[in-house]
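# Descriptive structure summary
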Amino acid sequence: MLIRVEIPIDAPGIDALLRRSFGGEGEAMLVHNLREDGLITLGFVATDDEGQVVGYVAFSPVTVAGEELQWVGLAPLAVDEQYRGQGIARQLVYEGLDSLNEFGYAAVVTLGDPAFYGRLGFKKASQYDLRCRWPQTDEAFLVHPLADDALNGVNGQVEYSDHFDRL
């Protein structure tokens, strides 16, 4: 298993993985549209011994209360069903967090399983007076600061790209 930054030749494999993992085209179209508009800040793939994409994570820019603060949103995260339970999702997220930290990004938000992301250091965003536009997401909307002061004096609504509204 190899985890690395995505490259253009990975796009068809990422598309196929997302369609399989989410049972439709929503997330695949999201990534396609983000990529087309230059809104993928960072993406990592996990490939098997034959070089096939079996895992993927993407990070794209978000704003907080209308301001660009060097924050990104993590979505989507997918691992092929036959490879789940092997820690690949965790490795993908950690690789992304490490790289984003090196590049000077301040924080990462995600909408996901609090138990899974909590083990990776994410905390409930609402405890920092952060929210997203989708109703009933308080428990699942999470934040992970990369910089020590990332959450100081920051609050309000976190906005993802409009492409996320099509999901």
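Residues numbered from 1 in each chain as written. Predicted model: local features only at pLDDT ≥ 70, side-chain atom pairs only at ≥ 80, totals over all residues. Heavy atoms only, no water.

Regarding the protein chain, the relevant UniProt record gives this comment under Sequence similarities (unreviewed entry): "Belongs to the acetyltransferase family." (UniProt positions renumbered as here; feature names shortened; annotations may be inferred.)

This part is about the nonpolar core. Tyr-56, Trp-71, Val-109, Leu-130 and Val-143 are the most contacted members of the largest nonpolar core, which totals 31 residues. With five residues, the top contributor of residues to this core is strand β3 (residues 53–64). The residues contacting Val-143, other than those within four sequence positions of it, are Trp-71, Ala-107, Val-108, Val-109, Gly-121, Phe-122, Lys-123, Ala-125, Tyr-128, Leu-130 and Leu-151. Phe-59, Leu-100, Tyr-105 and Tyr-117 belong to the second-largest nonpolar core, a separate cluster that totals 25 residues. (Core = buried A, V, L, I, M, F, W, Y, C linked by side-chain atoms within 4.5 Å. Buried < 20%, exposed > 50% of the residue type's maximum accessible area, 1.4 Å probe, protein only. Helix = DSSP H or I, 4+ residues; strand = E, 2+ residues; numbered from the N terminus. Contact = heavy atoms within 4.5 Å.)

Now for the packing of aromatic side chains. Tallied over the entire structure, the rule returns four aromatic pairs. Ring geometry for Phe-116 versus Tyr-117: centroids 4.9 Å apart, planes at 80°, classification edge-to-face. With a relative accessible area of 7%, Tyr-117 lands in the buried category. Both rings, one in Tyr-117 and one in Phe-122, keep their centres 5.3 Å apart while their planes meet at 70°; by these two values the pair is edge-to-face. (Phe/Tyr/Trp six-rings, centres within 6.5 Å; stacked < 30°, edge-to-face > 60°.)

Bringing helix α2 (residues 26–36) into the picture now. All buried positions along α2 are accounted for by Glu-27, Ala-28, Leu-30, Val-31 and Leu-34. Taken down its axis, α2 places every buried residue within 160° of arc, on the same side. Close packing links the buried residues of α2 with α1 (11–22), β3 and β4 (67–79). (Arc of directions from axis to C-beta.)

Below, the discussion takes up helix α3 (residues 88–102). With 15 residues, α3 should reach 21 Å at 1.5 Å per residue; the first-to-last C-alpha distance of 21 Å fits that figure. For α3, the complete set of buried residues consists of Ile-88, Ala-89, Leu-92, Val-93, Gly-96, Leu-97, Ser-99 and Leu-100. Where α3 terminates, the next one or two residues include Gly-104, which has phi positive at roughly 90°. (Expected span 1.5 Å × (residues − 1).)

This next bit is on the pairing of strand β8 (residues 141–145). Taking burial as the measure, the five residues of β8 include four buried ones, the bulk of the element. Across five bridges, strand β5 (residues 107–111) lies against β8 in antiparallel orientation. From the neighbouring strand, Val-109 faces β8, where its bridge partner is Val-143. Note: strand β6 (residues 123–124) against β8, two bridges, orientation antiparallel. The partner of Lys-123 across the bridge, within β8, is Val-143. (Pairing = 2+ DSSP bridges.)

We now examine the pattern of salt bridges. Summed over all chains, the structure comprises ten salt bridges. For the salt bridge of Lys-124 with Asp-138, the shortest nitrogen-to-oxygen distance reads 3.6 Å. Here Lys-124, found in strand β6, pairs with Asp-138, found in the loop between β7 (130–132) and β8; they are 14 residues apart in sequence, far enough to count as distant. Linked through salt bridges whose partners overlap, the residues forming this network are Arg-133, Glu-159, Asp-162 and Asp-165. (Salt bridge = Lys/Arg side-chain N within 4 Å of Asp/Glu carboxyl O.)

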